[in-house]
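# Observations on the model geometry
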Amino acid sequence: MSKEIVKRVKSSDIELKDKLVAVQRVTKVTKGGRHFSFAAIVVVGNEKGIVGYGLGKANEVTDAITKGIDDAKKNLVKVAVLKGTIPHSQNGKFGGSRVFLKPAAHGTGVIAGGAMRAVLESVGVTDVLAKSKGSSNPHNVVKATLDALIKLRDPITVARQRGISLERVFNG
């Protein structure tokens, strides 16, 4: 994702909620005819700053979703969320997808499209303005949104990295 250190989280002691982003029917054409299987993209989160995504593939939809949830629980990351919104504007990209996230005032809601909305709601963001540019492929949009969320830094982290006090971050 990004070159910064990603904070991995263990899923054993967290109450996670899952959201299905997309299910695709995949067809493999063989000599004997068409063989159908399913691929499901799932996002899990605790709505308090922890989120992960997973991809599951199986011959049945329910099996694919279950595999996706298990995969998502292995890829959890911690995200900076302040008072229901994000600390600052941020761009994210993956493949052909580009996303832009911007903090919003309380009461605005999550202004975002399908795949981005699932990720932002799972992480616990209640007020944000978001724009998806480029490819609308759900796989890449989810990964680009997570890229933007992982790049976010809260004021405490900024102060620690600069070696200054928290007051100087805001007052210059």
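The rules behind these values
Residues numbered from 1 in each chain as written. Predicted model: local features only at pLDDT ≥ 70, side-chain atom pairs only at ≥ 80, totals over all residues. Heavy atoms only, no water. Pairing = 2+ DSSP bridges. Helix = DSSP H or I, 4+ residues; strand = E, 2+ residues; numbered from the N terminus. Contact = heavy atoms within 4.5 Å. Axes fitted to C-alpha atoms, helices over the stretch in contact; angles between N-to-C directions. Buried < 20%, exposed > 50% of the residue type's maximum accessible area, 1.4 Å probe, protein only. Core = buried A, V, L, I, M, F, W, Y, C linked by side-chain atoms within 4.5 Å. Salt bridge = Lys/Arg side-chain N within 4 Å of Asp/Glu carboxyl O.

### Here we look at the sheet that holds strand β3 (residues 50-58)
- Overall, antiparallel pairing links the four strands, which are arranged β1-β2-β3-β4 in an open sheet. Edge strands, defined here as strands with exactly one partner in the open sheet, are β1 (17-30) and β4 (77-78).
- Pairing between β1 and strand β2 (residues 33-45): 13 bridges, direction antiparallel. What sits directly across from Asp 18, in β2, is Val 44.
- Across the face of the sheet, helix α1 (residues 61-74) comes into contact with β1, β2 and β3 while running at roughly 145° to β3.

### Considerations on helix α2 (residues 114-123)
- Counting buried positions along α2 yields seven of 10 residues, so the element is predominantly enclosed.
- Of the positions making up α2, those classed as buried are Ala 115, Met 116, Ala 118, Val 119, Leu 120, Ser 122 and Val 123.
- Remark: Gly 124 follows α2 within two positions and exhibits a positive phi of approximately 105°.

### Remarks on the sheet that holds strand β6 (residues 97-103)
- Strand order in the open sheet formed by four strands is β5-β6-β8-β7, and the pairing between neighbours is mixed. Of all the strands in the sheet, the pair left with one neighbour each is β5 (90-94) and β7 (110-111).
- Two strands pair when backbone bridges link them, and β6 and strand β8 (residues 128-134) are joined in this way by seven bridges, in the antiparallel orientation. Residue pairing across strands places Pro 103 opposite Val 128, the latter belonging to β8.
- On the sheet, α2 packs against β6, β7 and β8 and is oriented at approximately 145° with respect to β8.

### Details of the environment of Leu 20
- Structurally, the position occupied by Leu 20 is in strand β1.
- Taking the C-alpha atoms as reference points, Leu 20 and Ala 118, separated by 98 residues in sequence, lie 7.9 Å from one another.
- Among all residues touching Leu 20, those that are not within four sequence positions of it are Ala 40, Ile 41, Val 42 and Ile 65.

### A few points about the nonpolar core
- Counting residues in each nonpolar core, the largest one holds 26 residues, and the members touching the most others are Val 51, Leu 101, Leu 120 and Leu 149.
- Among the secondary structure elements, those contributing two or more residues to this core are β6, α2, β8 and α3 (138-151).
- Take this core: its biggest share by element is seven residues, from α3.
- Sequence-distant contacts of Leu 149, that is, excluding residues within four places in its chain, are made with Val 79, Ile 86, Leu 101, Val 119, Leu 120 and Val 123.
- Membership of the second largest hydrophobic core comes to eight residues, among which are Val 42, Ile 50, Ile 69 and Ala 72.

### Re the pattern of salt bridges
- Under the criterion given, the structure shown has four salt bridges.
- One connected set of salt bridges, linked through shared partners, spans Lys 19, Arg 117 and Glu 121.

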